[in-house]
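Examination of the molecular architecture
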Amino acid sequence: MKQLILFPVLLFAGFAAGAQAQSLETAQYFDYGIRSMEKSQHEKALEYFNKSLRSAERSQTSPNFRAKIHYNIGVCLYRLDRFADAVGHYDKAITLSDSSYPKASYALSAAREKIKVTPQRNGAARAEARPR
């Protein structure tokens, strides 16, 4: 009888530890991304934020935290002059936060403005810059 009670408790503890590990992984990659951004290592930061996002999606991290990850990916892309790519991540950040992310809204406007004033080599690049 004691074994029957102990097994579900151990099973639940195992699931909780697995979920916690995923969240810890998500937070660690996010922190590495922030540190890289502070050092102006935007390519490296972008890699860490993308890893954080993949981990967040696996562990079903809250939409608000995923919004922060998308926002920071957008910031990296913006600083790398990849304005059209940044727009998509700012949009996603705003969507995940139920349209209540003022920093992302401001950054979205700035990225869209950069797309308008940045000379494009061809029409395809301009079409890609449109919000989806």
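The coordinates are above.
Residue numbers restart at each chain and count upward from 1, following the sequence in its written direction. With the structure being a predicted model, the display of local features is reserved for residues of pLDDT at least 70 and the display and counting of side-chain atom pairs for 80 or more, all residues being used for whole-chain, interface and lining totals. Heavy atoms from the whole structure form the basis of all side-chain values; hydrogens and water molecules are not counted.

Observations concerning the overall build of the chain
Worth spelling out the cut-off: Per the convention used, a helix needs a DSSP run of H or I reaching at least four residues, while a strand needs a run of E reaching at least two, with both numbered from the N terminus. Three exposure classes are used, based on accessible area relative to the maximum for each residue type with a 1.4 Å probe and protein chains only: buried under 20%, partly exposed in between, and exposed over 50%. Contacts between residues were defined by any pair of non-hydrogen atoms, one from each residue, lying within 4.5 Å. Under the convention used here, a 1.4 Å probe and the Shrake-Rupley method define accessible areas, while residue burial counts only the protein chains that appear.
Scanning the chain from terminus to terminus reveals six helices and zero strands. Traced from its N-terminal end to its C-terminal end, the chain shows the element sequence α-α-α-α-α-α. Residues counted as buried form 31% of the 132 residues belonging to the chain. By sequence separation, contacts in the chain at least 24 residues apart represent 50% of the contacts at least 6 residues apart. A total accessible area of about 8900 Å² is found for the chain, and carbon and sulfur atoms account for 55% of it.

Considering the pattern of salt bridges
In plain terms, the rule: Each salt bridge in this description consists of a side-chain nitrogen of Lys or Arg and a carboxyl oxygen of Asp or Glu lying within 4 Å of one another.
Going through the model one piece at a time under the given rule, you end up with four salt bridges. Between Asp91 and Arg112 there is a salt bridge, with its nearest N and O atoms 3.7 Å apart. Taken together, the positions of Asp91 in helix α4 (residues 83-96) and Arg112 in helix α5 (residues 102-117) put the pair 21 residues apart, joining distant regions of the chain.

Describing the packing of aromatic side chains
The condition that has to hold: Any two rings among Phe, Tyr and Trp, with Trp reduced to its six-membered ring, count as a pair given centres within 6.5 Å; such a pair is stacked if its planes are under 30 degrees apart, edge-to-face if over 60, and tilted if neither.
Under the defined criterion, the tally for this structure stands at seven aromatic pairs. With 6.4 Å between their ring centres and 25° between their planes, Tyr29 and Tyr48 make a pair best called stacked. Of this pair, Tyr29 sits in helix α1 (residues 2-38) while Tyr48 is found in helix α2 (residues 42-58), placing the two residues 19 residues apart along the sequence.

Notes on the packing of α4 against α5
This is how it is decided: Axis lines are fitted to C-alpha atoms, over the contacting stretch for helices. Their N-to-C directions set the angle, which ranges from 0 to 180 degrees. An angle below 35 degrees is treated as roughly parallel, one above 145 as roughly antiparallel, one from 65 to 115 as roughly perpendicular, and anything else as oblique. The hand of a helix crossing depends on one turn: near helix anticlockwise from the far one by less than a right angle means left-handed, and clockwise means right-handed. Each residue gets one of three labels, nonpolar for Ala, Val, Leu, Ile, Met, Phe, Trp, Tyr, Cys and Pro, charged for Asp, Glu, Lys and Arg, and polar for the others, Gly among them.
α5 packs onto α4 with a crossing angle of 155° between their chain directions and a minimal axis gap of 9 Å. In terms of orientation, α4 and α5 fall into the roughly antiparallel class. You can see that α4 and α5 cross each other, and the crossing is left-handed. Between α4 and α5, the residues in contact are Phe83, Ala84, Val87, Tyr90, Asp91, Ala93 and Ile94 and Ala104, Ser105, Ala107, Leu108, Ala111, Arg112, Lys114 and Ile115, respectively. For the contact of α4 with α5, the per-class residue count stands at eleven nonpolar, one polar and three charged.

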